[in-house]
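As a plain string of letters, each chain reads:
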Amino acid sequence: MRPALSLCAAALVATTLGAAGSPPPHPDDPRLARFYGQRVDWGPCPATFEDSMRCGRLTVPLDYGDPARGTVDLALTRFPATGPHRLGSLVLNYGGPGGPGVSALGERIQDLGRTERYRDLAESYDLVAFDPRGVGESAPISCGGALPLKHPDSADGAALLRDTEAAQRACRARSGPVLPYVGTVNVARDLDVLRQALGERKLNYLGWSYGTRIGVVYAAQFPGRTGRMALDGVDTLSDSLADQALETARGQQLAYDAFLDWCAALPGCVFSGVTRTEANERTAALVAELDGRPLAAKGGAKFDGQDLALALENNLYGPSQWPALARGLGALVRERDPSGLLESAAPDEDNVAAAWAAVSCADYPDRGVGGDPVAFQRQLDALRPRFLAASEVFGPGELTEIAYCQGWPAPTDPTSAIHGVEGPPVLLVGGRGDPATPYPWTEQTARVLGNAVVLDHKGEGHTGFGRSRCVTQYVERFLLEGRLPHSTAVCPAEGIDAEGHETVEPPGH
């Protein structure tokens, strides 16, 4: 998920969170003593979790600038280290905004015996995950499913604003007191309370996608408490929502191009023997056709062009999804049957969608034209050619995202105010074929940090750890041994066979 965010260490500028923002909390602040004095009371987890996992809660203030305003309880889980030589706790975040960490770790630990992913890390670290405030089991926010989805007709700015305003009213009515405090700056502050509650002097952390934004904001606020930090699929800190959406459309198109090249070389694939240009033209024509005449789907639902674009987007996160995407597209093109794509075109669950919008709006000061329908229409009209140039398939849907924050109060602690970090080097993993966190965001975040080492992954898919052997080796070497490349390192692209599996073993390092 975005939407799941390079260089050697050097002399660095001080971190700034903006004049309007409140300073980061300190464990010695007497107002925060009861929060920083906690220890987690670990108890049983749900029956679906692995037996050795433990779950607990952590209480944090709603507002670190005014702790008396109220509190929120965060859901936690821990998988104790399996080996004899424990390095401490490694906190994980799998992305979002809106992705629950507790259930995600529970699912991955169930696969531990069948996959090498996490095995070495789990031997040396207690693996810890949490549901960020407003997400999962941590005071989840809700908009009642009212958030406007990507719509083929992004031309009607007034209708888009009406839908957005209605969704905002539903969010405020359903979400309780946590809604104004869900931004990443506060999540990173929660992470420091968690570090203390785990008994760790420094935070060791592995984050993916949006989890990279949490990590960077933590390192910016608490450079002296940052340990080994690896960030995979690097999110943006500073792009406006419009620029994020445009870059995402470009990333999705690059990922779709890679799928089309793979499909063209595969006998029997829906676009077998077809040039990339022609396959893109056929896809764009199919999206337009379905927007005009949606297909009937199971249960009486309609499958339109933006459903197709969303299904494509959600099947580009890794080559292992490509065979299923090819089968679904083949059935749609040859038999007018959308059933193979329906599930991946389903909208996000309410809390996930609500948290994505609320956190994004809390993190970025961009408010567009402030809800003026005439000015917003001009903005849409001016941006549309750029989005269509980025991708005729994905551009129109991404363009609608610029409406989400129209009319919301500007954040007091925007992540875009971060200018540098004085702490230890951070490992950033950027993927050249990443559809959700495009590679330019890795370069951008490296410049913002000033103390990052970049791992340039030339392969396809969203994030590389556990997918690329090369990326996994670098990340584990850093987290387990503290070893980093001296400068930007490169992981090669892997060959992809007809089943979406890697066919190239990268050389040793």
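Scroll up to find the structure this text is about.
Below or above, wherever it landed, is the structure these notes cover. Bear in mind the structure is a predicted one, so any value in this text is a computation, not a measurement.

Scanning the protein from N- to C-terminus turns up 16 helices and 11 strands. Here the C-alpha atoms of the protein give a radius of gyration of 22 Å, agreeing with the 23 Å that 2.2 N^0.38 yields for 509 residues. Over its C-alpha atoms, taken along the principal directions, the protein stretches across nearly 65 × 55 × 50 Å. By the burial criterion, 58% of the 509 residues in the protein qualify as buried. If you sum the accessible surface of the protein, you get close to 19800 Å²; carbon and sulfur atoms cover 51% of it. Of the charged side chains in the protein, 46 are positive and 63 negative, and the gap between their average positions amounts to 3 Å.

With that out of the way, let us pick up the sheet that holds strand β10 (residues 452-460). With respect to topology, nine strands assemble into an open sheet ordered β1-β2-β4-β3-β5-β6-β9-β10-β11, the strand pairing being mixed. Two strands lie at the open edges of the sheet, namely β1 (54-61) and β11 (489-491), each paired on one side alone. Taken over all neighbouring pairs, the strand axes of this sheet differ in orientation by 20° on average, direction set aside. Both strand β2 (residues 71-79) and strand β4 (residues 125-130) contribute to a ladder of four bridges, which runs antiparallel. If you follow T77 over to β4, its bridge partner there is A129. Strands β1, β2, β3 (88-93), β4 and β5 (203-208) of the sheet are contacted by helix α5 (residues 184-197), whose axis makes an angle of about 125° with β1. Here helix α16 (residues 469-481) sits on the sheet in contact with β3, β4, β5, β6 (226-232), β9 (426-433), β10 and β11, set at roughly 170° to β6.

Membership of the largest hydrophobic core comes to 69 residues, with the highest contact counts inside it found for V91, I141, L191, L194, Y205, M229 and L428. Ignoring any residue separated from it by four or fewer positions in sequence, one finds I141 in contact with G134, S175, V178, L179, V182, N351, A354, A355 and A358.

This part takes up the pattern of salt bridges. Using the criterion set out here, one finds 21 salt bridges in the structure. For R213, the salt bridge identified is with D235, shortest N-O distance 2.8 Å. Residue R213 is located in helix α6 (residues 210-221), and its partner D235 is located in the loop between β6 and α7 (241-264); the two are separated by 22 residues in the primary sequence. The class of R213 is buried, set by a relative accessible area of 2%.

What counts and how
Residues numbered from 1 in each chain as written. Predicted model: local features only at pLDDT ≥ 70, side-chain atom pairs only at ≥ 80, totals over all residues. Heavy atoms only, no water. Helix = DSSP H or I, 4+ residues; strand = E, 2+ residues; numbered from the N terminus. Rg over C-alpha atoms; globule rule 2.2 N^0.38 Å. Buried < 20%, exposed > 50% of the residue type's maximum accessible area, 1.4 Å probe, protein only. Areas by Shrake-Rupley, 256 points an atom, 1.4 Å probe, with all protein chains shown as cover. Lys, Arg positive; Asp, Glu negative; His and termini not counted. Charge placed at Lys NZ, Arg CZ, Asp CG, Glu CD. Pairing = 2+ DSSP bridges. Axes fitted to C-alpha atoms, helices over the stretch in contact; angles between N-to-C directions. Contact = heavy atoms within 4.5 Å. Core = buried A, V, L, I, M, F, W, Y, C linked by side-chain atoms within 4.5 Å. Salt bridge = Lys/Arg side-chain N within 4 Å of Asp/Glu carboxyl O.

Purely spatial values, then, with no claim about function.
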